[in-house]
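# Examination of the molecular architecture
One letter stands for each residue in the lines below.
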Amino acid sequence: MTPILQAPILEAQNITKRFGGFTALDAVDFTIAPGERVGLIGPNGSGKSTFVNCLSGALNPERGTILFEGARINGLPAWQRARRGLVRSFQIPRPFKKLSVVENVQVPLRFALATPPVEGSERRALAILESIGLAAKADRSPRDLSQVELRKLELGRALAASPRLLIADEAMAGLSDSEVDEIVELLERLNHDGIAIILIEHIMRAVMRFSQRIVVLVAGRKIADGDPHEVMRHAEVERAYLGQ
Ligand code: ADP
Ligand code: MG
């Protein structure tokens, strides 16, 4: 059902991350195929953001291997991973407040790409804003944006780096139901254009609608990985959520 027969775009094996004596990730295996949509869920503190930080290069795990498009990327800085197409958005949007909305998208266009567009970065940034429904706000300050518009800008900045794999860490927290739908539709469109997406999210309605496969972390261990409906019937997953 899922396109798992293809070579994975990302394969993480046996990832272990400790903070002092505390094991935040315990031998986690994870793969995602090109163009696949995977939901990553788990109670607060289960290690989801730590895992994203290990994949994206903000943290280095003590153990384990990370392969992106078949090449080992352990130890590479985040910007080099981004240039290869492994891009994450942040749980808390961090736009440059002194730049306009369009300039915020131009920054990664100029600096994150292996071959930055010398000319036309504004045109490309405007096209990205168009695709995420923010073109009308191009010349405004990020301070003027609503919560859902800030989330879209955060995704727009990630898109400017031309990702092949996008990791969206809680891109919907605090949004209304219809705003959640807007972000899901945006992610679906990006996926349709060929981007594999890892969606980290607490809003189960969004996760179930979006994901072809769901992976569950509890206390740093992967306890389930598979078809969304089967995973949600899994006894340990029920316990993890009921116990919260
Ligand atoms: P999640 O994103 O699933 O809510 P996190 O990955 O943020 O969970 O955190 C997993 C665990 O690791 C938590 O117990 C958290 O307190 C701990 N942790 C995360 N980052 C650090 C850090 N830099 N130093 C120490 N402990 C950390
Ligand atoms: Mg988190």
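Scope of this entry: the structure provided in the associated data block. (Residues numbered from 1 in each chain as written. Chains lettered and ligands numbered in written order. Predicted model: local features only at pLDDT ≥ 70, side-chain atom pairs only at ≥ 80, totals over all residues. Heavy atoms only, no water.)

This brings us to the nonpolar core. Where a protein is soluble and globular, its nonpolar side chains tend to be buried together. Residues Leu129, Leu166, Met172, Ile183, Leu187 and Leu190 are the most contacted members of the largest nonpolar core, which totals 37 residues. Viewed by domain, this core spans two of them, domain 1 (1-85 + 164-244) and domain 2 (93-162), each represented by three or more residues. Beyond its immediate sequence surroundings of up to four residues, leucine 129 is in contact with Val101, Val102, Val105, Leu134, Ala135 and Ala138. Counting 26 residues, the second largest nonpolar core, distinct from the first, contains Ile15, Phe51, Leu55 and Phe68. (Core = buried A, V, L, I, M, F, W, Y, C linked by side-chain atoms within 4.5 Å. Buried < 20%, exposed > 50% of the residue type's maximum accessible area, 1.4 Å probe, protein only. Domains from an automatic or database assignment. Contact = heavy atoms within 4.5 Å.)

Take the site of ligand 1 next. Close to ligand 1 lie Phe19, Phe22, Ala24, Pro43, Asn44, Gly45, Ser46, Gly47, Lys48, Ser49 and Thr50, which account for all nearby residues. One nitrogen or oxygen atom from the main chain of glycine 47 is found 3.0 Å from an oxygen atom belonging to ligand 1. One of the side-chain nitrogen or oxygen atoms of threonine 50 is found 2.6 Å away from an oxygen atom of ligand 1. Taken together, the elements giving at least two residues each to the shell around ligand 1 come down to strand E2 (22-32) and helix H1 (48-56). The element that contributes the greatest number of residues to the shell around ligand 1 is H1, accounting for three residues. Residue classes in the shell around ligand 1 are distributed as four nonpolar, six polar and one charged. (Near = heavy atom within 4 Å. Polar contact = N/O pair within 3.5 Å; in protein donor to acceptor, adjacent residues only side chain to side chain. Helix = DSSP H or I, 4+ residues; strand = E, 2+ residues; numbered from the N terminus. Nonpolar A, V, L, I, M, F, W, Y, C, P; charged D, E, K, R; others polar.)

Right, let's get into helix H4 (residues 121-131). Along H4, the residues classified as buried are Ser121, Ala125, Ile128 and Leu129. Buried positions in H4, seen along its axis, are confined to an arc of 100° and lie on one side of it. Turned more than 90 degrees away from the buried face of H4, the exposed residues are Arg123 and Glu130. Residues of H4 that are buried in the fold lie against helix H3 (101-111) and helix H5 (147-159). Of the residues flanking the end of H4, it is glycine 133, one or two places downstream, whose phi is positive at about 75°. (Arc of directions from axis to C-beta.)

Everything listed here is a matter of geometry and, on its own, says nothing about what the molecule does.
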